[in-house]
Amino acid sequence: MNEELLPLIWASFLGLSVALYVVLDGFSLGVGILFPFARDKRTKDTMMRTVLPVWDGNQTWLVGGGAALFAAFPIAFHTLLTALYLPLMVMLLALVLRGAALEFRFKTDNRRPWDIAFAGGAITAAFCQGLVLAAYVQGFGEVAEASAIDGLTLITPFGVFCGISVVTAYAMIGACWLRLKTSGGTRSWASAVITKLVPVVAVSVIAVSLWTPWLVPAIAERWFVWPNIAILSPIPIWTGGLLLALFVTARNLDTADVVPFLLALGVFLLTLTGLAVSIWPYVIPRSLTIWEAAAPANSLMFVLVGVLFVVPVILLYTAHAYYVFRGKVGDNEPGY
Amino acid sequence: MEIEALMLARVQFALALGYHIIFPTFSIGLAAYMAGLRLLEYFTGERQYRKAFDYWLKYFALSFGMGVVSGVVLSYAIGTTFGRFTEVAGAVVGPLMSYEVMTAFFLEAGFLGIMLFGRERVSPLVHLLSTLLVAAGTLLSAFWILSANSWMHTPVGYEIIDGIIHAKDWFAIVFNPSFPYRLAHMVLAAMLSTTFVGAAIGAWYLHHDKHRDFGIQTLRNAVIAASILAPLQIFVGDLHGLNTLEHQPIKVAAMEGHWETGGNVPLLLFALPDQAAEKNHFEIGIPNITSLILTHSLDGEVQGLKSVPPEDRPPVAPVFFSFRVMVGLGLLMLLLAWYGLLLQMRGKLAAAGRYHAVMRFTAPIGFIAMLAGWITTEIGRQPWTVYGLLRTPDAVSQVSADKLITTLILFAVVYTGLFVAFIKVCRMLLHKGPHPDAVKSGIVHDVESAQEPAS
């Protein structure tokens, strides 16, 4: 196979993993972020039940993405993890707490510590992902420079803003998931949450979209130069349109419950497409392209065979799991 | 400063690994047992299997969940602490780990939900298949990760271009020389450790005179399984040791505390290895036995630690002692299992009060042996991360000591807290006991399950 093409296929697979992770764990984390705002214990139980059968698979895309980066772009894996050491480690520990809470909460009488672990883990993990994203789009050079980064210097106004944006965006898609999976009071509460969060998310999308090119001239050049601006304009226009549609459909309780979730999904995918446009063709922005960082063709080929045969099967049985647990989660559904 | 950071990185990774491996060890063994229960339930329709399956399901969910979350940490910690290793050996190890994720993690995640919560939503056959696939996933995961680990001990099928290890022969890499032995040894360790958890829990119920039917069923199954697994494990362990002698003779020399190359090597029962003086203090040994074990001849020559320069030797004391802990506990497990088997054959297992009193404490025994074994093999590989190719000081990330210490403390706190919670919840599940049998609904043994609201 063409040596130019292999890294490209791998970059696409990596992109797919990241997108699936952000969307799927996005709503699972979102449910955790909304957890403290639930009215009562019964609502909390229901909220947790909506994600219990699927959260593990959702989170596995994070491991899948990490392993793909390790296998296909080892230098980038090393650079990225060295540069973002602290926020990544904190994120992982937060995910540990979130995951443990999901397994422990229904088995104990004292649920309060697990309520805190579930929500605190989700909020911290989402915030750290925002910090990571902010540092990543700005780039951090080669490994040697990356290792010199002090974890605290990542906490810039832009980093914090991205962190909060990710938290609110996850909360929004989490609310859409709850609208889809619950009924009665929880469903209408989730709808109200969506309508409150859509304007916040819209503002943060606009702010990040302007702040990033202002910080990184190369990204400004990518977006605001003719004819790119014309070719790329559908991305922001559609994002705005979908957010507006989400606002309208969430308010209307007669709309099919899957519609807000699909719209939020669209918003997420468009935003990620915008991100991909901003960083292309780099795997470490503006220091390593996907071709420079690619593992030897031999290794890329070896795993590609697995990707081509196994990943479609994974997608099939993941879809099957979602199908098995389709429909609303009842208040009296047996948890354990 | 540099050495401090190196040590901190190693401690951090060892903590993350050592903590993680406890849970997959239990999950591999328990998944296999539960697959057996589910199969029996499917084909016989007997309620006792359903009851046992439902009982173990709660432990399994906890242990599996802990394994998943600590495993996610590992997949990234390998890059944050051993970044240069990921860059130098990524072309070989990365693909193996990718296959683990693709064939094992997704499989487990895709069917775990159905296994745990899906009984009412799918047909019995689909539930059975989901359980079997989760069990298969745990084994596939062991397959790939042990292949990667074994390759680091016995690297083959590679070439080095510009300081980066490139793969040449994938079949040779996956099935590298130490892999079959390490895989068999670890999977057996998982099964054996789990049987001792089963034996301890069964014995606990019998000792406290609660849930006697469930207790004797669990203890009997565990004792019978352990009495087969323990000798098998010792046999496989011996083969694994001989394989190590062939490929990593210096590791074996450290395991035996053997400094000078020569024949008539005694088996040391105790000694204090002294790295600097290149000898042992206070040796107590049985003459010629190590020669006999390793070369199958009483005067067989065994390579000593001093045959290589000091900088190529592993730290001897931890390898020497951890090996003795592993072997000692292995023999103890054999003894306990065979004694239990004897009681069972004489029809006295259910009434053996003293045996129950001892066995109820044996749940951690297999895990301690397993961890000791990993300490032996991993420290025994030092000073190499990839044996003969990449030294550990050249494998770590360039992360500063203060960052490492911050995260190390965070890890220690979170992991300790979670472990305490895990043990507490397991104890609670133990006290709660199996769900009261609907057939014998007249008798409810303990108050706790009687107070539980019907759902």
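Predicted model only: the values in this text are computed from it and were never measured. (Residues numbered from 1 in each chain as written. Chains lettered and ligands numbered in written order. Predicted model: local features only at pLDDT ≥ 70, side-chain atom pairs only at ≥ 80, totals over all residues.)

**Some thoughts on the overall build of chain A**
Next, step 1: Helices and strands together make up the secondary structure of chain A, namely 15 helices and two strands.
Next, step 2: Computed over its C-alpha atoms, the radius of gyration of chain A comes to 20 Å, within 12% of the 20 Å expected for a compact globule of 336 residues.
Next, step 3: In terms of overall dimensions, chain A has a C-alpha envelope of 55 × 40 × 40 Å along the principal axes.
Next, step 4: Evaluated residue by residue, chain A yields a buried proportion of 53% over its 336 residues.
Next, step 5: Contacts in chain A between residues at least 24 apart in sequence constitute 79% of all its contacts with a sequence separation of at least 6. (Helix = DSSP H or I, 4+ residues; strand = E, 2+ residues; numbered from the N terminus. Rg over C-alpha atoms; globule rule 2.2 N^0.38 Å. Buried ≥ 20, exposed ≤ 12 C-beta atoms within 10 Å, placed from the backbone. Contact = placed C-beta atoms within 7 Å.)

**Examining the overall build of chain B**
Next, step 1: If you tally the helices and strands in chain B, you get 14 helices and six strands.
Next, step 2: Against the compact-globule benchmark of 23 Å for 455 residues, chain B has a radius of gyration of 24 Å, which places it among compact chains.
Next, step 3: Overall, the C-alpha framework of chain B stretches about 75 × 45 × 40 Å when taken along its three principal axes.
Next, step 4: Counting all 455 residues of chain B, 51% fall into the buried class.
Next, step 5: Within chain B, counting contacts between residues at least 6 apart in sequence, those at least 24 apart form 73% of the total.

**Topic: the pairing of strand E4 (residues 279-286) of chain B**
All names here are of chain B.
Next, step 1: Looking at chain direction, strand E3 (residues 267-274) and E4 are connected through six bridges and run antiparallel. Its bridge partner lying in E4, Asp274 is registered against Lys279.
Next, step 2: In this antiparallel pair of consecutive strands, E3 and E4, the connection spans four residues, and Glu278 shows a positive phi of 55°. (Pairing = 2+ DSSP bridges.)

**With respect to the environment of Pro227(A)**
Next, step 1: Considering the arrangement of structural elements, one finds Pro227(A) in the loop between helix H10 (217-224) and helix H11 (228-232).
Next, step 2: A sequence separation of 135 residues divides Pro227(A) from Leu92(A), and the C-alpha atoms of the two residues are 41 Å apart.

**Remarks on helix H2 (residues 41-51) of chain A**
Helical geometry note: an α-helix holds 3.6 residues per turn, so side chains three or four residues apart project in the same direction.
Next, step 1: By the criterion of burial, H2(A) is predominantly enclosed, with eight of the eleven residues buried.
Next, step 2: Within the span of H2(A), buried status applies to Thr43(A), Lys44(A), Thr46(A), Met47(A), Met48(A), Arg49(A), Thr50(A) and Val51(A).

**Comments concerning the nonpolar core**
Next, step 1: Core analysis: the largest hydrophobic core is formed by 257 residues, its most contacted members being Ile33(A), Phe73(A), Met172(A) and Ala226(B).
Next, step 2: Considering every element that reaches this core, the biggest residue donor is helix H3 (residues 83-117) of chain B, with 22 residues.
Next, step 3: Dropping the residues within four chain positions of it, Ile33(A) is found in contact with Ala119(A), Ala122(A), Ile123(A), Ala126(A), Val167(A), Tyr170(A), Ala171(A) and Gly174(A). (Core = buried A, V, L, I, M, F, W, Y, C linked by C-beta atoms within 7 Å.)

**Some points on helix H12 (residues 234-251) of chain A**
All names here are of chain A.
Next, step 1: A rise of 1.5 Å per residue sets the reference length of H12, with its 18 residues, at 26 Å; its end C-alpha atoms lie 26 Å apart and thus fit the reference within 8%.
Next, step 2: Buried within H12 are the following residues: Thr239, Leu242, Leu243, Leu246, Thr249 and Ala250. End-on, the buried residues of H12 take up no more than an arc of 135°, which puts them together on one face. Counted as exposed and oriented over 90 degrees from the buried face of H12: Pro234 and Ile237.
Next, step 3: Buried residues in H12 make contact with helix H9 (184-215) and helix H13 (258-279). (Expected span 1.5 Å × (residues − 1). Arc of directions from axis to C-beta.)

**Quick notes on the confidence of the model for chain B**
Residue and element names in this part refer to chain B.
Next, step 1: On average, residues of chain B score 89 in pLDDT, and 95% of them reach the 70 mark or higher.
Next, step 2: Below pLDDT 50 for its whole length, residues 438-455 participates in 16 contacts with residues either more than four positions away or in separate chains.
Next, step 3: Model confidence for the complex is summarised by a pTM of 0.90, with the ipTM given as 0.88. (pLDDT = per-residue confidence, 0-100.)

**With respect to the interface of chain B and chain A**
Next, step 1: The interface is formed by 54 residues belonging to chain B together with 56 residues belonging to chain A.
Next, step 2: Within the residue set of the side of chain B that touches chain A, elements represented by two or more residues are helix H2 (47-81), H3, strand E2 (164-167) and helix H13 (401-432) of chain B.
Next, step 3: When residues of the side of chain B that touches chain A are assigned to their parent elements, the largest contribution, 22 residues, is made by H3(B).
Next, step 4: Residue classes in the side of chain B that touches chain A are distributed as 30 nonpolar, 19 polar and five charged. (Nonpolar A, V, L, I, M, F, W, Y, C, P; charged D, E, K, R; others polar.)

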